[in-house]
Amino acid sequence: MKENKKNWLIGEFVYLQLAPFMVLAGILIYGILFDRWFKDPELILKASLVAYLVILAFRFLQWVSRKLGE
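Structural notes, computed from the coordinates. (Residues numbered from 1 in each chain as written. Predicted model: local features only at pLDDT ≥ 70, side-chain atom pairs only at ≥ 80, totals over all residues. Heavy atoms only, no water.)

**Details of a nonpolar patch on the surface**
Together, Val50, Val54, Phe58, Phe60, Leu61 and Trp63 line one region of the surface with nonpolar side chains, adding up to about 650 Å² of accessible area. Of note, tryptophan 63 is situated in helix 2 (residues 41-69). On the basis of relative accessibility, which here comes to 44%, the residue tryptophan 63 falls in the partly exposed class. (Patch = residues over 30% accessible without salt bridge, like charges linked within 9 Å, V, L, I, M, F, W, Y side chains within 5 Å. Areas by Shrake-Rupley, 256 points an atom, 1.4 Å probe, with all protein chains shown as cover. Salt bridge = Lys/Arg side-chain N within 4 Å of Asp/Glu carboxyl O. Helix = DSSP H or I, 4+ residues; strand = E, 2+ residues; numbered from the N terminus. Buried < 20%, exposed > 50% of the residue type's maximum accessible area, 1.4 Å probe, protein only.)

Next comes the structure, spelled out in structure tokens:
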């Protein structure tokens, strides 16, 4: 059977879009639970960057563990 190769650029774009969504979901949950809302766009963008870097770190660790397990 032929293996389907995924385009890495599309996968990276999906992860890039996932980070702000996770941050906004976190802000919504935090706002509902503690009645404190973050409205500063700069703070939201910085938190999105941190979330994206955490996603990249988890993906890197997953890649390393998969390569070492071969």
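Text resumes after the structure shown.
**Points about the nonpolar core**
Core analysis: the biggest nonpolar cluster contains 7 residues, these being Ala19, Val23, Ile27, Ile44, Ala51, Tyr52 and Ile55. Among the secondary structure elements, those contributing two or more residues to this core are helix 1 (8-34) and helix 2. Take this core: its biggest share by element is 4 residues, from helix 2. (Core = buried A, V, L, I, M, F, W, Y, C linked by side-chain atoms within 4.5 Å.)

**Considering the packing of aromatic side chains**
Two descriptors summarise a pair of aromatic rings, namely the distance from one centre to the other and the angle between the planes of the rings. For the coordinates displayed, the defined rule picks out 2 aromatic pairs. Summarising the aromatic geometry, the rings of tyrosine 30 and phenylalanine 34 are spaced 4.9 Å apart at their centres and angled 50° between planes, so their arrangement reads as tilted. On the criterion of helical spacing, the pair formed by tyrosine 30 and phenylalanine 34 is a turn pair, its members being 4 residues apart in helix 1. Judged by relative accessible area, tyrosine 30 falls into the partly exposed class, the value being 31%. Note on phenylalanine 60 and tryptophan 63: the rings are 5.9 Å apart at their centroids and 35° apart in plane angle, and the pair reads as tilted. Taken together, the residues span about one helical turn, with phenylalanine 60 and tryptophan 63 both in helix 2 at a distance of 3 residues. (Phe/Tyr/Trp six-rings, centres within 6.5 Å; stacked < 30°, edge-to-face > 60°.)

**Description of the pattern of salt bridges**
Per the counting criterion, the structure on display carries 1 salt bridge. Across the salt bridge formed by lysine 46 and glutamate 42, the nearest N and O atoms sit 3.1 Å from each other. On the criterion of helical spacing, the pair formed by lysine 46 and glutamate 42 is a turn pair, its members being 4 residues apart in helix 2.

**Things to note about the packing of helix 1 against helix 2**
Geometry of a packed helix pair, given as the angle between the helix axes and the separation of the axes. Contact pair helix 1 / helix 2: the axes reach a minimum separation of 8 Å and the direction vectors enclose 125°. Overall, the two elements helix 1 and helix 2 adopt an arrangement that is oblique. Here the hand of the crossing between helix 1 and helix 2 comes out right-handed. Here Glu12, Tyr15, Leu16, Leu18, Ala19, Pro20, Met22, Val23, Leu24 and Ile27 of helix 1 come into contact with helix 2, specifically with Ile44, Ala47, Ser48, Ala51, Tyr52, Ile55, Leu56 and Arg59. (Axes fitted to C-alpha atoms, helices over the stretch in contact; angles between N-to-C directions. Parallel < 35°, antiparallel > 145°, perpendicular 65-115°, else oblique. Left-handed = near helix turned anticlockwise from the far one by under 90°. Contact = heavy atoms within 4.5 Å.)

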